[in-house]
Amino acid sequence: MTHIDAGAELDPVHPVPIPTASGRALGLTAAEVAERVARGEVNDVPVRSSRSVGEIVRANVFTRFNAIIGVLWLIMLFVAPFQDSLFGYVILANTGIGIIQEWRAKKTLDSLAVIGEAKPTVRRDGVAAEVSTSGIVLGDLIEIGPGDKIVVDGACVEADGLEIDESLLTGEADPVVKQPGDQVMSGSFVVAGGGAFTATKVGREAYAAQLAEEASRFTLVHSELRTGISTILKYVTWMMIPTAIGLVISQLVVKENDFKDSVARTVGGIVPMVPEGLVLLTSVAFAIGVIRLGRKQCLVQELPAIEGLARVDTVCLDKTGTLTEGGMDVTEVRPLGDADETYVRKVLGALGASDPRPNASLQAIIDAYPDSGDWRCTESLPFSSARKYSGASFSEGNGESSTWLLGAPDVLLADGDPALAETERLNEAGLRVLLLSRATKDLDDPAVKEGAKPTALVVLEQRLRPDAADTLRYFEEQDVSAKVISGDNAVSVGAVAGKLGLSGAVVDARHLPSDQAEMAKSLDQGTVFGRVTPQQKRDMVGAMQSNGHTVAMTGDGVNDVLALKDADIGVSMGSGSEATRAVAQIVLLNNSFATLPSVVAEGRRVIGNITRVATLFLVKTVYSVLLAILVVCWQVEYPFLPRHLTLLSTLTIGVPAFFLALAPNTERARPHFVRRVMRYSIPGGVIAAVATFVTYLIARHHYTGTDALGAETSAATLTLFLISMWVLAIIARPYTWWRIALVATMGAGFLLVLVVPWLQDFFALKLVGVTMPWLAVGIAAVAAAALELAWRWVDRRFTV
């Protein structure tokens, strides 16, 4: 191995340390670090876990509909009484709530991001210590091992079987073997071996940082909810413009009414067309979801990931670290042939000491068999999930040399070997088995495992997570298919899954078909898959997606990264490798698989409730547009002032929607958000508009005199309120005590306005006589019955 002193002078063009004969690289000195910090040569890329405060304010304030409402509000402040401009203050309150809630979510995300941030190991003055990524300076010597992400660009200084996966940058899945002097790129990660590299580009000059600057402007995973709402708003805009123009001409020109009254009624017709609260409520629901999950130590790196996991119908689980805890225990060592158990224990102790970054299996061996200290490692081969084994060469205490391999028995042993039968029996009991073999070839020989002599079986027992069984049971109850995908022996993995109550076929992935369609069929039939390679994990995710499944992938090791990246939703354990945390949308910082049901439940709550309240908002939009069209066609005064529709919107939409959007909801998320919402909103809006306009026309013939328009408006308002309340009552089903109380309270609020004299004057609502008010109630009752029939027909006619 070539050693380079990272404290040596840097070339100004290619700042790679010049080799010295000092042996192990010492890294920068404290004085050199301070000098680089003073020059600004630090890794100052900001952590972008969420939008900045300025972006949050701009996103909530400067919207298309806020602009429309704002202009109309300013007009009303000049031409109408205060109560007709209430809608503007409601918008201010709603926007403020949206900013505050998203700011709270940002604080949660930022604090969790700091907790979940990996700290690279930097060698300075010969001492290795963890620092934050922002603490790295140009020329720093950074140590790396399996699972570590390369955080800045650099040049390899030390390499011990170092293999780096650059697939996230290049798309090439095969790991790249690195030697001293080779370039390493930020955004890649170590899959095997270890080493160290010198930082040559930091901050915004690093390759991954440049990509992130272009790609991470609060980019989000695909959200059907957000996309659907944007589509709806686009259609609403198209409908609003011609309708509003027609209404303006009708009220200001054709009717020749008092100018201020005409303006007020025109604005009253335009304002309710805008479903401005729908966007706000969606943002608030997502933000509150992030806060709720943050309290459970779940970092949601992209907000709509909550929605995505709720739509998942297949969860792929990695056994190690997900179903089992990270630790293992050695239960026994079984020498094979004439092997001496005392000697085997010495070999195992030396193997443990040879790897500076042991995995869970090797750590269990280290704990059971400490190194005797008289063996010296001359060469090592780190474990690779692709190879399924590791190895080392030693100079033994008596002067002899030997080479050993430790790995999967079914990989290291020839077919038909008697030890395989013993391994199979142990695997069926849910135990993990490693084979210790003495190699006859050099470690760097690609065929090193050929001809190796089996020496002993090392039996390990995995620690099951106490909450795994309950979590798997939850997914089964929610009709979410669980697939266990592991690199371990299939029988052993199947036994572990069986202990947790997961039933189904056990498949050795080495026998899976390579054709995607055939693989998808096999995956649908099987439940547990063993001996899966990292590339196969990725292929399996793609095969399930090609078969129409929405796939979530959990994992904590570098062998999971490619599959996590390709899955619809990637879920990483907080203790997992930095590479897995970097590509996952959701990070379980408490390393508890049991947190996943909370994420699924939160997603279902958000999606189900937003779908519910979207219907409320869009029924209002539909009836507002249709009422305006009817008014233009009939050439009559618009029946409502802004204060009337502000009152109706507050009682039948605004307040109820806020509570309904935050309510518990376990309904499984279904696709086609826009289609499903419009199927209910269009008939609901049409029925409400027609019934209200019929009441208004009848009232125009019933009332005469100077105050007739006020009486006509009151009758029409009563009909529209009762129909809107019935829509709310349908949306609130299934009823619970608080839902009934919510609907009743809204009804009582309107009744209060009708009976309290000063509220009557404030909202210009006063029912005149007995005949017309009761007729308005009767028309509303007929409309409510029609609404029930129409929506039940939609339920029967359409299944999604």
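Use the structure listed above.
Residues numbered from 1 in each chain as written. Predicted model: local features only at pLDDT ≥ 70, side-chain atom pairs only at ≥ 80, totals over all residues. Heavy atoms only, no water.

Enquirer: When you look at the packing of helix α9 (residues 276–295) against helix α21 (residues 596–634) in this model, what are you seeing that I'm missing?
Expert: Helix packing geometry: the angle between the two helix axes and the distance between the axes. It is the contact of α9 with α21, at a shortest axis distance of 10 Å, that shows an interaxial angle of 165°. As the angle between them shows, α9 and α21 are arranged roughly antiparallel. Handedness of the α9/α21 crossing: right-handed. Residues Glu276, Gly277, Leu278, Leu281, Thr282, Ala285, Phe286, Gly289, Arg292 and Leu293 of α9 pack against Ser598, Val599, Glu602, Arg605, Val606, Ile610, Val613, Ala614, Phe617 and Lys620 of α21. When grouped by side-chain class, the residues that make up the contact of α9 with α21 number eleven nonpolar, four polar and five charged. (Axes fitted to C-alpha atoms, helices over the stretch in contact; angles between N-to-C directions. Helix = DSSP H or I, 4+ residues; strand = E, 2+ residues; numbered from the N terminus. Parallel < 35°, antiparallel > 145°, perpendicular 65-115°, else oblique. Left-handed = near helix turned anticlockwise from the far one by under 90°. Contact = heavy atoms within 4.5 Å. Nonpolar A, V, L, I, M, F, W, Y, C, P; charged D, E, K, R; others polar.)

Enquirer: I would appreciate a short explanation of the side chain of Ser437 in the present structure.
Expert: Following the sequence through the fold, Ser437 ends up in strand β14 (residues 432–439). Those residues within four positions of Ser437 in sequence are excluded, and the remaining contacts are Thr403, Trp404, Leu405, Ala452, Lys453, Pro454 and Thr455.

Enquirer: How do you make sense of the nonpolar core when you look at a structure like this?
Expert: What tends to happen in soluble globular proteins is that the nonpolar side chains get buried as a cluster. Formed by 90 residues in total, the largest nonpolar core has its most connected members in Phe87, Leu616, Phe750 and Trp791. No other element matches α21, which puts 14 residues into this core. With sequence-adjacent residues up to four places away left out, Trp791 is seen in contact with Thr615, Val619, Tyr680, Pro683, Gly684, Val727, Ile730 and Ile731. Formed by 35 residues, the second largest nonpolar core is a distinct cluster that contains Leu309, Ala552, Met573 and Val600. (Core = buried A, V, L, I, M, F, W, Y, C linked by side-chain atoms within 4.5 Å. Buried < 20%, exposed > 50% of the residue type's maximum accessible area, 1.4 Å probe, protein only.)

Enquirer: Would you mind showing me how to read the pattern of salt bridges here?
Expert: Charged atoms that come close allow side chains of opposite charge to pair. Within the structure shown, the criterion is met by 25 salt bridges. A salt bridge links Asp140 to Arg124; its shortest N-O distance comes to 2.6 Å. Taken as a pair, Asp140 in the loop between β2 (127–130) and β3 (141–144) and Arg124 in strand β1 (residues 121–124) lie far apart in primary sequence, 16 residues in all. With a relative accessible area of 0%, Asp140 lands in the buried category. The partly exposed category is assigned to Arg124, whose relative accessible area is 21%. Residues Asp470 and Arg473 are paired through a salt bridge, measuring 2.6 Å at the closest nitrogen-oxygen approach. Separated by three residues within a single helix, Asp470 and Arg473 lie in helix α15 (residues 468–477), roughly one turn from each other. When its relative accessible area of 48% is taken as the criterion, Asp470 is described as partly exposed. Linked by salt bridges that have partners in common, Glu332, Arg334, Glu422 and Arg425 make up one network. (Salt bridge = Lys/Arg side-chain N within 4 Å of Asp/Glu carboxyl O.)

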